[in-house]
Amino acid sequence: MTATEKYLVLDYRRDRISEIELWDNGIIFIKIDDGAEIGLEDSKRQLDFLKEKYDGINKFKVLVIPGRYSTLSKEAREFSTKPETNEMTLANAVVVQSLAHRIVLNFIISLTRQQNMKMRIFDDKNKAIDWLLSFEKNK
């Protein structure tokens, strides 16, 4: 399956600052609202969604698109780099829209580099999806 192929949304949740979807290709899609400040509680709610869907075997491929002018609090940033928050994630692709997002994500990538999760920044959603789909389902 390539990014241009159709996928089905198996589950959907709207929270305070984002929309979260589980796609039939194993991707969790998180779209952050424009202008949102992602706090610790927001990050915990997103993790809870993953925990609800995790089967204990198949790790998730996560696609994140931060909204324009969205920010990540220090507490949420620290939470997102803890190994226990990434145990269910095989790969994380983030589509950046600004230099500020790229700087923060490069910092997060440097902190998560020692974990089993792969993380990469993209400028294009379809390229990000193709990269995520290149990972085997069971790792």
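Parameters at a glance
- Residues numbered from 1 in each chain as written.
- Predicted model: local features only at pLDDT ≥ 70, side-chain atom pairs only at ≥ 80, totals over all residues.
- Heavy atoms only, no water.
- Phe/Tyr/Trp six-rings, centres within 6.5 Å; stacked < 30°, edge-to-face > 60°.
- Helix = DSSP H or I, 4+ residues; strand = E, 2+ residues; numbered from the N terminus.
- Buried < 20%, exposed > 50% of the residue type's maximum accessible area, 1.4 Å probe, protein only.
- Lys NZ or Arg CZ within 6 Å of the ring centre and 35° of its normal.
- Polar contact = N/O pair within 3.5 Å; in protein donor to acceptor, adjacent residues only side chain to side chain.
- Contact = heavy atoms within 4.5 Å.
- Pairing = 2+ DSSP bridges.

Enquirer: Would you mind going over the packing of aromatic side chains with me for this structure?
Expert: By convention here, two paired aromatic rings are described through the distance between centres and the angle between planes. Taken as a whole and judged by the stated rule, the model has five aromatic pairs. On the numbers, 3.7 Å between centres and 20° between planes, the contact of Tyr 7 with Trp 23 is stacked. You can see Tyr 7 sitting in the segment before β1 (9-14) and its partner Trp 23 sitting in strand β2 (residues 18-23), a full 16 residues away along the chain. The partly exposed category is assigned to Tyr 7, whose relative accessible area is 22%. For Trp 23, a relative accessible area of 1% corresponds to the buried category. Where Trp 131 meets Phe 135, the ring centres are 4.9 Å apart and the plane angle is 90°; that geometry is what we call edge-to-face. Of the aromatic side chains, those joined through ring pairs into one cluster are Tyr 7, Trp 23 and Phe 29. Stacked on the ring of Phe 29, the Lys or Arg Lys 125 has its end atom at 4.8 Å from the ring centre.

Enquirer: Can you help me understand the side chain of Asp 42 in this one?
Expert: Looking at the element boundaries, Asp 42 is found in helix α1 (residues 40-53). Given a relative accessible area of 2%, Asp 42 falls into the buried group. Looking at Asp 42, its side chain comes within polar contact range of the main-chain nitrogen of Gly 39, at 2.9 Å. With near-sequence residues (within four places) excluded, Asp 42 lies in contact with Arg 16, Ile 17 and Glu 37.

Enquirer: Help me out: how do you make sense of the pairing of strand β5 (residues 60-65) in this one?
Expert: On any regular strand, side chains alternate: one points to one face of the sheet, the next to the other face. The buried fraction of β5 is high, at six of six residues. Neither face of β5 is exposed, since Phe 60, Val 62 and Val 64 on one face and Lys 61, Leu 63 and Ile 65 on the opposite face are all buried. Direction of pairing for strand β3 (residues 27-32) relative to β5: parallel, over a ladder of five bridges. Within β5, the residue paired with Ile 30 across the bridge is Val 64. Strand direction decides the pairing type here: β5 and strand β7 (residues 89-95), joined by five bridges, are parallel. Note on β7: the bridge partner recorded for Leu 63 is Ala 93.

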